[in-house]
Amino acid sequence: MPYRRARLAGALAVACLALAPGVAHAAAIPTPEQFFGFEMGTEGKLPTWEKTKQYAKLIGDRSNKADYFVQSKTAEGDDYPVLLISSPNNLANIDKIVAANERLANPKGLTEEDAKALVAQSKPTYLIESTIHSTEVANMPAIIDAIHHFATDTSADTKQVLDNVVLVVAVSGNPDGWKKVVDYFDETANTSYTRTYPDLYHHYAGHDDNRDWYVFTQPETRARVSLEEKYHPVVEHVLHQKDATTSRIFMPPYQEPVSNNLDPITHESANALGLEVGKSFLAAGYKGIQHSMGTQNSYGIMFTADVAGYSSFVGTSLFLTETASQRDLAYPYTQAGPLGPQGRSMDNPDPYKGNTWTLKQASDYAELGLYAATKSVARNSSDWLYNNVYLVAKHSYTWSDGPYAYVLPSGQRDPYALYELLKIFDFGKAEIDRATAPFTAGGKSYPAGSYILRTQQPLGRWINQLLDNAAYPDWARPCATCPLTMPYSEFTDSVALMFGVDVQPVQAAFSAPTERVTEVKPEGVLLPQAPAASGAYLVEPSSYGVASLLAQLQKWDVPAFRSAAQFSSGARTFAPGTVIVPPSARSRMVLEDVAKSEGLPVYASDTVPAVAGFKLKPGTRVGLVRGANNMPGGWMMWLLEHSGIDYKVVSADDYPKLDALYDTIILADGITRARIVNGLDMTRYPAEWSWARGVGEAGWSQLAAFVRGGGNLVALGSASETAQALLNLPIQKVATTSPFQAGGVLLRESFDSSVPAAWGMPAEWVTWFDSDRAWNVSDPKARIAGAYPGTGNLLASGYEQGADQLRGKADIVELDVDKGHVTLSGSEITFRSWPRALWTVVANAIYQGPSTAVTAAEMKAMPAS
């Protein structure tokens, strides 16, 4: 069956959005084919980012139905452009629409009559985003065709949509990635090179760029969430692609499980919209649509905030489409038999019988989904606005599935973690209060300065989602005796546990003298008076902000020492790993800056403590083996830069001279022997990618020689197995037996803070565990910094089965290898930057390995040295 433009036009007519009748292409606005030089969906042709930006701006400039603006900048400094598309009247009154919808979304004190009056005066907004995953290329042609269609079509059907809905089109969810992918695709045309971009298409997150919906680390994430906060869309239509051999397009209903923190209006609206859009596809003869009401696929994305997204918790219905992919981005995919599931079912009502799938088909499917969905919302625009914006917000003041509030007591072990956690809630526009005097809640006393997050507020459901640490629902199974349905993504998003912040739920209502927090700031810290020349500044290691402190001391060439044991100074006891800094104008400048930016307390002593320790190597040279297209390596880059740690990505050219270039080398999770030895096959990639080529057995041996000759190796997650194989370390991976299920969870871990890697860690906290590994340690000289407790429940958050096999097993281990040093973690303690409390371990390991041991006497003589 041919999928030409004529076919899509016919389909859209059935969907009540005919392209042919009523089209009056404005002379001032060229068609996509005229502007780009080819029809969207043409085999082997993709629109470049520069031309796409120009076209979107042209439409915004020349159409009275579109406004173009740049929301913000991307991770690599490009524009994040947005088009508002609606009727001229709606655009002229957009500020009034935004104000009305903002009031509906914050309805405290708003009567039912007032709400209905605001709904009658306003319009719902509908957010559209594609290509956040930049290799899912069929969606950009669909977006380009759609913005042209809405800006130029004059039919009654298009008028109905634009009169009743404001479309908010994020032209690309990842502009940097679209540029990389398409530019590389074009540059490798007519060559023997592979056509798919070989590295992360988001500078830090890669494919994980749509897993940042509650920590908000990336500028693109923050751009979209800012759009959600301003416009309060009733639908967020996100266009994706999936495997070529599955159904032709997925759309809701979604699969289990669903979070108790979602207002049911949100997901029921998405599910109903999916069925209606599916009906439009069937009426148009588009086959191969699939839902998730049964068990045929795994789009159970409504349990955690990393996939459900921020806006799902404030009334926006997430409408996800996943269209089948093509071959080599823009070429037909063909197989011997029919593509996709062939059994007819409620999930798969009309199977696709063809054995070929093209870019044009995929783009047409995505485009039809846009037209059918926006048409449906336009027909019921008032209901959508009333239900999804007003009612969901109104319900948030009376829902009772969570505690009354969460209290974050003042005097936290890690003030920087508290600051970063509060910044998340502040960016999400949660109402945060701070106690102005001591108070009692839930039978406990709390000091002044404690923070309070009440759950009966517009963002209350989202607050509870991130703090409630809910157990995985036992009912998430198709039948009473069926196995549990696993979530699409992770089992937990308990961000307070990940950050290391003490958060206490209070079930019953209470009163407290408070003030509303209008700006989140680090805890105020005043530096003590400068110590005597024979003294030192002291900073305890309990905050993961110590990583930034060490980095800044290195940057400014300030000598720094760390204590090897606990000691006392004045009336205070300091933990092992305390940072000891000689007094100087430069050291005070650094300490003052870090104290101000991170809230780290700084102490002073007129005498240097008589404690053995280590002198950090000035200018520690840090190398990162990240691997091409390895997401954990990208997140490591972000974490290092977030802390200001100077580093360099290790190139294949570096291996013959590693010891001349680096003191510490980090192996990111995902770095295997094959990635190091084989790397990228340079017969398939241009020369610019030679940094990621394989280094062969010689390079493998050179890496081992670097460590044995005195280098420091830090291996994380699966890379710990690589380190074990590289150096034949005296540790053995724990062999678990079925049933064993612990993927994307938080497990309890005991820490020995006398071991340098665990300096600053509490005696027990959590680690991120994603089907990772644990170790039996056979070398009595090895130092176990972190291990799974031998007793008690190992699960801190999420779901596990068989995790008791890890009891008493090591996770974080330090070993000396000849003259060198190795720190490895079997669990991925840097996963997507989430388990921040464990960043302390990585920072300790980076700087400790190259340090020099000093005696108590040498430490005491520090200022004179």
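For the structure itself, consult the block above.
Small disclaimer: the values here were computed from a predicted structure and weren't measured.

Colleague: Looking at this model, I keep getting lost on the packing of aromatic side chains. Mind explaining?
Modeller: The relation between two aromatic rings is expressed through the spacing of the ring centres and the mutual angle of the planes. Considering all chains together, one arrives at 39 aromatic pairs under this definition. On the basis of an interplanar angle of 40° and a centroid distance of 5.2 Å, the ring pair of Tyr214 and Trp834 is categorised as tilted. Of this pair, Tyr214 sits in the loop between helix H9 (175–187) and helix H10 (219–231) while Trp834 sits in the loop between strand E36 (820–825) and helix H25 (839–848), and the two are 620 residues apart along the sequence. Residue classification places Tyr214 among the buried positions, given a relative accessible area of 0%. By relative accessible area, which is 0% here, Trp834 ends up buried.

Colleague: Before we go on, may I ask you to explain helix H16 (residues 460–467) in this structure?
Modeller: Each full turn of the α-helix corresponds to 3.6 residues, which orients residues three or four apart in the same direction. Judged by how many residues are buried, H16 sits mostly within the fold: eight of eight residues are covered. Regarding H16, the residues found buried are Gly460, Arg461, Trp462, Ile463, Asn464, Gln465, Leu466 and Leu467. Packing partners of the buried residues in H16 comprise helix H12 (305–308), helix H14 (381–395), strand E11 (405–408), helix H15 (415–427), strand E15 (451–454) and helix H17 (495–499).

Colleague: Help me out: how do you make sense of the pattern of salt bridges in this one?
Modeller: A pair can form between side chains of opposite charge whenever their charged atoms are brought close. Applying the stated criterion to the full structure yields 39 salt bridges. For the salt bridge of Asp653 with Arg693, the shortest nitrogen-to-oxygen distance reads 2.7 Å. Here Asp653, found in the loop between strand E26 (648–649) and helix H21 (658–661), pairs with Arg693, found in the loop between helix H22 (673–677) and helix H23 (696–708); they are 40 residues apart in sequence, far enough to count as distant. Exposure remark for Asp653: the relative accessible area of 43% places this residue in the partly exposed category. Across the salt bridge formed by Arg773 and Asp772, the nearest N and O atoms sit 3.5 Å from each other.

Colleague: Even after reading the chapter, I still don't get the sheet that holds strand E19 (residues 561–563), so can you show me in this structure?
Modeller: Think of a sheet as strands paired side by side through backbone hydrogen bonds, with each pair either parallel or antiparallel. Reading across from one edge, E23-E18-E22-E19-E24-E37 is the order of the six strands in this open sheet, with antiparallel pairing throughout. Looking at the sheet topology across the chains shown, the edges are occupied by strand E23 (603–605) and strand E37 (852–854). Between one strand and the next, the sheet's axes are offset by a mean angle of 30°, whatever the strand orientation. The sheet contact formed by strand E18 (residues 536–539) and strand E22 (residues 579–581) spans three bridges and is antiparallel. Among the inter-strand pairings, Tyr537 is bridged to a residue of E22, identified as Val581. Contacting E18, E19 and E22, helix H18 (residues 546–555) crosses the sheet at an angle of about 30° to E22.

Colleague: Help me understand the environment of Thr323 in this model?
Modeller: Among the structural elements, Thr323 can be located in strand E8 (residues 317–324). Distance in space between the C-alpha atoms of Thr323 and Ser247 is 7.9 Å, their sequence separation being 76 residues. Apart from residues lying up to four places away in sequence, Thr323 is in contact with His240, Gln241, Lys242, Arg248, Ile249, Trp357, Ala362, Tyr365 and Ala366.

Colleague: What am I meant to see in the packing of helix H20 (residues 631–642) against H25 here?
Modeller: Packed helices, taken two at a time, are described by the angle their axes make and the gap between the axes. With their axes 12 Å apart at the nearest point, H20 and H25 run at an angle of 80° to one another. If you check the angle between H20 and H25, you find them roughly perpendicular. Of the residues in H25, those in contact with Met636, Leu639 and Leu640 of H20 are Trp839, Val842 and Ile846. Residues of the contact of H20 with H25, tallied by class, amount to six nonpolar, no polar and no charged.

So, how was this worked out
- Residues numbered from 1 in each chain as written.
- Predicted model: local features only at pLDDT ≥ 70, side-chain atom pairs only at ≥ 80, totals over all residues.
- Heavy atoms only, no water.
- Phe/Tyr/Trp six-rings, centres within 6.5 Å; stacked < 30°, edge-to-face > 60°.
- Helix = DSSP H or I, 4+ residues; strand = E, 2+ residues; numbered from the N terminus.
- Buried < 20%, exposed > 50% of the residue type's maximum accessible area, 1.4 Å probe, protein only.
- Contact = heavy atoms within 4.5 Å.
- Salt bridge = Lys/Arg side-chain N within 4 Å of Asp/Glu carboxyl O.
- Pairing = 2+ DSSP bridges.
- Axes fitted to C-alpha atoms, helices over the stretch in contact; angles between N-to-C directions.
- Parallel < 35°, antiparallel > 145°, perpendicular 65-115°, else oblique.
- Nonpolar A, V, L, I, M, F, W, Y, C, P; charged D, E, K, R; others polar.

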